[in-house]
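Overview (structure and organization)
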Amino acid sequence: MVYRDDERLKSYLKEFRPLAPPPLPTKKRLFVRPRLVVASAAGALAATLVLAILFFYIHELGVPTHNGSPATQQTTTSQPCCPIVSLKQSTLGTPALTKLALEDSEAFGRVMTERLKTQLPAMEDERSTLRILAKE
Amino acid sequence: MQPADSRLTEVEDLYRQLGGSLLLFGVSICGEPSRAQDALHQVFLRLMETGSLSNATDKRAYLFASVRNTLLNDWKSRQRSVPIETERIWFEPPNRDYAAESNLRRALHALPDDQRQVVILHIWGELTFSQVAEVMSISANTAASRYRYAMAKLREEMLVKENSDGLSG
């Protein structure tokens, strides 16, 4: 009889070993993974943003390229006096525009005209929105 | 701040060292080995993520308390108690004596929950009565007296079974 006193019973009970649990699900890279994912996502987002800005800058605002694309030619022909200035002007913020309006009203007028072309519907074209609406 | 690698190694070592007794303790609380195992994994994975173990003064007691709290929270959310599963073995018996294992498991089942938990924490968890008291949120004296009652009852249960086996054999 091994159960006589508490100490003997305790040492007898200790001979029974609790079953080991199954191995821990491996999450060793738990610290690394989120960082990598976040870094990759941030990198991808930054790259997408840069590409989107470049695309918008070149195609929508008519930025001249080094190889002399039609966009450049159009810009330079419509504004022969200062093509590069007009490019910068078209991306100017409100304070810069205000300054431009005060210093050079002609250049300011050109910038605003350019902006209107891209922001408002065309009125001169045969199939312009306003013409269609007027017919109806 | 402890480096992540050494923190992981420490947590894994503790899992290897205490996993069995923590699982046993978990089963004694919730009655279901699978749920106890989930709670155990939950605790250790959380430790790996947060590294909060480095703030614990008594890591062993902290782990047992974490498993207990996780299971009690789970129980609260389910609002129902589950009877202890009796079919599956809890221990690896000495000399592959599975009859003795069954006898011990049956005797442990017969104990009140709080006494069973104290016995498991003290014997297989190797916690002192102060540590048991910390885990169970009771006084060390209460832990010691519950242990004594539990041992008396265990002895009685195991002897009864042994005698009845002897008589029937």
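Residues numbered from 1 in each chain as written. Chains lettered and ligands numbered in written order. Predicted model: local features only at pLDDT ≥ 70, side-chain atom pairs only at ≥ 80, totals over all residues.

1. Overview of the overall build of chain B
Note the threshold: Helix numbers and strand numbers start at the N terminus; a helix is a DSSP run of H or I with at least 4 residues, a strand a run of E with at least 2. Residues with at least 20 other C-beta atoms within 10 Å of their own are called buried, those with 12 or fewer are called exposed, and the rest are partly exposed. The C-beta atoms themselves are positioned from the backbone. This entry defines residue contacts through backbone-placed C-beta atoms, with two residues in contact when those atoms are within 7 Å.
Secondary structure assignment for chain B yields 7 helices and 1 strand. Helices and strands in chain B line up, N terminus first, as α-α-α-β-α-α-α-α. Each of the 169 residues in chain B was classed as buried or not, and the buried ones make up 39%. Counted over contacts in chain B with a minimum sequence separation of 6, partners at least 24 positions apart contribute 68%.

2. Comments concerning the interface of chain A and chain B
The line we're drawing: Lys, Arg, Asp and Glu make up the charged group, whereas Ala, Val, Leu, Ile, Met, Phe, Trp, Tyr, Cys and Pro make up the nonpolar group; the residues left over, Gly among them, are polar. Pairs of strands are assigned from DSSP output, requiring at least two bridges between the strands.
Across the contact, 20 residues belong to chain A and 31 residues belong to chain B. The element that contributes the greatest number of residues to the side of chain A that touches chain B is helix 1 (residues 6-14) of chain A, accounting for 5 residues. The residue inventory of the side of chain A that touches chain B, partitioned by class, reads 13 nonpolar, no polar and 7 charged. Both strand 1 (residues 17-18) of chain A and strand 1 (residues 91-92) of chain B contribute to a ladder of 2 bridges, which runs antiparallel. Bridge pairing in strand 1 of chain B links P18 of chain A to F91 of chain B.

3. Side note on the nonpolar core
All names here are of chain B. Which entries qualify depends on this criterion: One nonpolar core equals one set of buried Ala, Val, Leu, Ile, Met, Phe, Trp, Tyr and Cys residues connected by C-beta atoms within 7 Å. These domain boundaries are the output of an automatic or database domain assignment.
Judged by nonpolar contacts, the single largest core of 49 residues is most densely connected at L22, F25, L40, F64, V67, L121 and V132. Of all elements in the fold, only helix 1 (4-30), helix 2 (33-50), helix 3 (59-78), helix 4 (98-109), helix 5 (113-124), helix 6 (129-136) and helix 7 (140-168) reach the threshold of two or more residues within this core. The greatest single-element share of this core, amounting to 10 residues, is contributed by helix 1. Per-domain counts for this core show at least three residues from each of domain 1 (1-85) and domain 2 (95-169). Apart from residues no more than four positions distant in its own chain, F64 is found in contact with L22, F25, L121, G125, L127 and V135.

4. Quick notes on helix 3 of chain B
Rule in force here: Under the convention used throughout, the expected extent of a helix is 1.5 Å for every residue step, that is, one less than its residue count.
Look at helix 3 of chain B: 28 Å from first C-alpha to last across 20 residues, which is about the 28 Å you get at 1.5 Å a residue. At its buried positions, helix 3 of chain B is contacted by helix 1, helix 2, helix 5 and helix 6 of chain B.

5. A closer look at unusual backbone geometry
All names here are of chain B. Positive phi values are uncommon outside glycine, yet N95 reaches one of about 55 degrees. Among the structural elements, N95 can be located in the loop between strand 1 and helix 4. Notably, E126 is not glycine yet its phi reads approximately 55 degrees, a positive angle. On the secondary structure map, E126 appears in the loop between helix 5 and helix 6.

6. Looking at the packing of helix 1 of chain B against helix 3 of chain B
All names here are of chain B. Note the threshold: Lines fitted to C-alpha atoms define the axes here, with helix axes fitted over just the stretch in contact, and angles between the N-to-C directions of these axes take values from 0 to 180 degrees. Each crossing gets its handedness from the near helix: less than a right angle anticlockwise from the far helix is left-handed, clockwise is right-handed.
Running from N to C, helix 1 and helix 3 cross one another at 35 degrees; their axes reach a closest spacing of 10 Å. For the pair helix 1 and helix 3, the crossing hand works out as right-handed. Between helix 1 and helix 3, the contacting residues are L14, L18, L22, F25, G26, I29 and C30 on the first element and K59, R60, L63, F64, V67, R68, L71 and W75 on the second. Here the residues of the contact of helix 1 with helix 3 sort into 11 nonpolar, 1 polar and 3 charged.

7. Focus on the confidence of the model for chain A
Residue and element names in this part refer to chain A. The condition that has to hold: A residue's pLDDT is simply how confident the predictor is in it, with values from 0 to 100.
Per-residue confidence for chain A gives a mean pLDDT of 70; residues scoring 70 or more make up 54%. Predicted confidence in chain A is weakest over helix 3 (residues 70-78), with a mean pLDDT of 47, and strongest over strand 1, with 94. A low-confidence stretch, residues 28-32 (pLDDT under 50), is modelled with 4 contacts involving residues beyond four sequence positions or located in other chains. For the stretch residues 68-89, pLDDT sits under 50, and the model shows 24 contacts to residues farther than four places along the chain or on other chains.

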